[in-house]
Amino acid sequence: MDGFEGKTERVKLDYPFDGTPDVGTTMEIAPGILWVRMPLPFSLQWINLWLLEDGDGWTVVDTGFPTDETREYWRTIFNNDLNGKPVKRVMVTHMHPDHVGLAGWMTRKWNCKLWMSRLEYITCRLLVADTGREAPKEGIEFYRAAGWDEDAIEHYRSRFGMFGKAVTTLPDKYRRMSDGDKIPIGDHIWRVVEGSGHSPGHSCLYCEELNILIAGDQLLPRISSNVSVFPTEPDADPLSDWLNSCTKLMREVDENALILPAHNEPFYGAHLRLQALIDGHEKSLERLTSRLDEPKRVVDLFTTLFARKIELDVLSMATGETLAHLNCLIERGQVVCETVDGVSRYSRVP
């Protein structure tokens, strides 16, 4: 879901901190802002989470993947690093399990509120509701149209509905975060800057006084956030949403801001990185267009976009991201799609 490596542009960024916090400990990166680093049980090995001192308590931003190991690390931090003060609220940037996974557990533990954007909360609840269902006909047709073989389809069937097992039960009420909201946290005001493309309504938090952005997956320094089309909305154009969100961040966040990303290390150089992300996707769109003199399936185009071999474990992400680029080109009037016998082929408009 996060940090799927594509062929993106690299720029020289400034990483101001030596080292990273040990697991189960915190590192103060500014007064009242603690960096937490938790392990992940997949190829992307770590996630950054944040603790903001909030008067007589703390605000947690993102929670980690729900493993017993991560729960135990959080208990250690609660006992050793909060100065005897409680967690007052849990804010979640978006609904992917490495971010929202322990939100339900944590809000129940501390009897505090969950803060999320409306689209992220509702989408998360909908995905959890798929637990125990069989893979839908529409999903199977979607992936067959992309060129998947029967082994890949069977892998999809076997894994469908797993999302709910990666998220502790969410509370049945939440506090909505909306774009532009100004939220007092401790002695500072944090403004919500919402983006989309990687997820429906991703909330970043920007403190102008400190010139710090908690970026979640909306801005990562070394890897490219996955931007995908899914079976539930096969004609969506999330890449245009993503590109517009990158442009929006360049308008709303100072170029010298300290960026606190969900993966890799905090860095300076937000505008350089955002422009590199835009340029990288535009070059990917150009490469795709150049390959489409003859009609091709989605699976035929992976080598054009990705610098790694696409195995079953990342096949759905690769398919979703390739479709995001193709749908963007269709919206721009540069590519057309024809589906014959259930398989879609894409070609360049002459």
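Calculation notes
- Residues numbered from 1 in each chain as written.
- Predicted model: local features only at pLDDT ≥ 70, side-chain atom pairs only at ≥ 80, totals over all residues.
- Heavy atoms only, no water.
- Phe/Tyr/Trp six-rings, centres within 6.5 Å; stacked < 30°, edge-to-face > 60°.
- Buried < 20%, exposed > 50% of the residue type's maximum accessible area, 1.4 Å probe, protein only.
- Pairing = 2+ DSSP bridges.
- Helix = DSSP H or I, 4+ residues; strand = E, 2+ residues; numbered from the N terminus.
- Contact = heavy atoms within 4.5 Å.
- Axes fitted to C-alpha atoms, helices over the stretch in contact; angles between N-to-C directions.
- Core = buried A, V, L, I, M, F, W, Y, C linked by side-chain atoms within 4.5 Å.

**Concerning the packing of aromatic side chains**
Evaluated as defined, the whole model comprises 13 aromatic pairs. Taken together, a centroid distance of 4.0 Å and an interplanar angle of 20° make the contact between Tyr 143 and Trp 148 stacked. Accessibility expressed as a relative area gives 5% for Tyr 143, which makes it buried. Trp 148 gets classed as buried once you look at its relative accessible area, which sits at 10%.

**Quick word on the sheet that holds strand 11 (residues 212-216)**
Across the sheet, which stays open at both edges, the six strands sit in the order 8-9-10-11-12-13 with mixed pairing between neighbours. Whereas interior strands pair on both sides, the edge strands pair on one side only; in this sheet they are strand 8 (182-185) and strand 13 (267-268). Pairing between strand 11 and strand 12 (residues 258-261): four bridges, direction parallel. Residue pairing for strand 12: Ile 212 is matched across the bridge by Leu 258. Its contacts with the sheet put helix 7 (residues 238-252) on strand 9 (188-195), strand 10 (202-207) and strand 11, and the angle it makes with strand 9 is roughly 155°.

**A closer look at the nonpolar core**
If you look at soluble globular proteins, the nonpolar side chains tend to sit buried side by side. Core analysis: the largest hydrophobic core is formed by 52 residues, its most contacted members being Trp 148, Leu 213, Leu 219, Leu 239 and Ile 259. Counting residues per element, the ones that place at least two in this core are helix 5 (137-145), helix 6 (150-159), strand 10, strand 11, helix 7, helix 8 (270-290), helix 9 (302-305) and helix 10 (315-331). In contact with Leu 213, other than residues within four places in its own chain, are Cys 204, Leu 205, Tyr 206, Leu 249, Val 253, Leu 258, Ile 259 and Leu 260. Core analysis: the next-biggest nonpolar cluster, separate from the first, contains 33 residues, Met 38, Ile 77, Leu 102 and Met 116 among them.

**Remarks on the sheet that holds strand 4 (residues 57-61)**
The seven strands are arranged 1-2-3-4-5-6-7 in an open sheet whose pairing can be described as mixed. Single-partner strands in this sheet number two, and they are strand 1 (26-30) and strand 7 (175-176). Inspection of the sheet shows strand 4 paired to strand 5 (residues 87-91) by four bridges, in the parallel sense. When the sheet's bridge partners are listed, Val 60 is paired in strand 5 with Val 90. Strands strand 4, strand 5 and strand 6 (113-116) of the sheet are contacted by helix 3 (residues 103-110), whose axis makes an angle of about 160° with strand 5.

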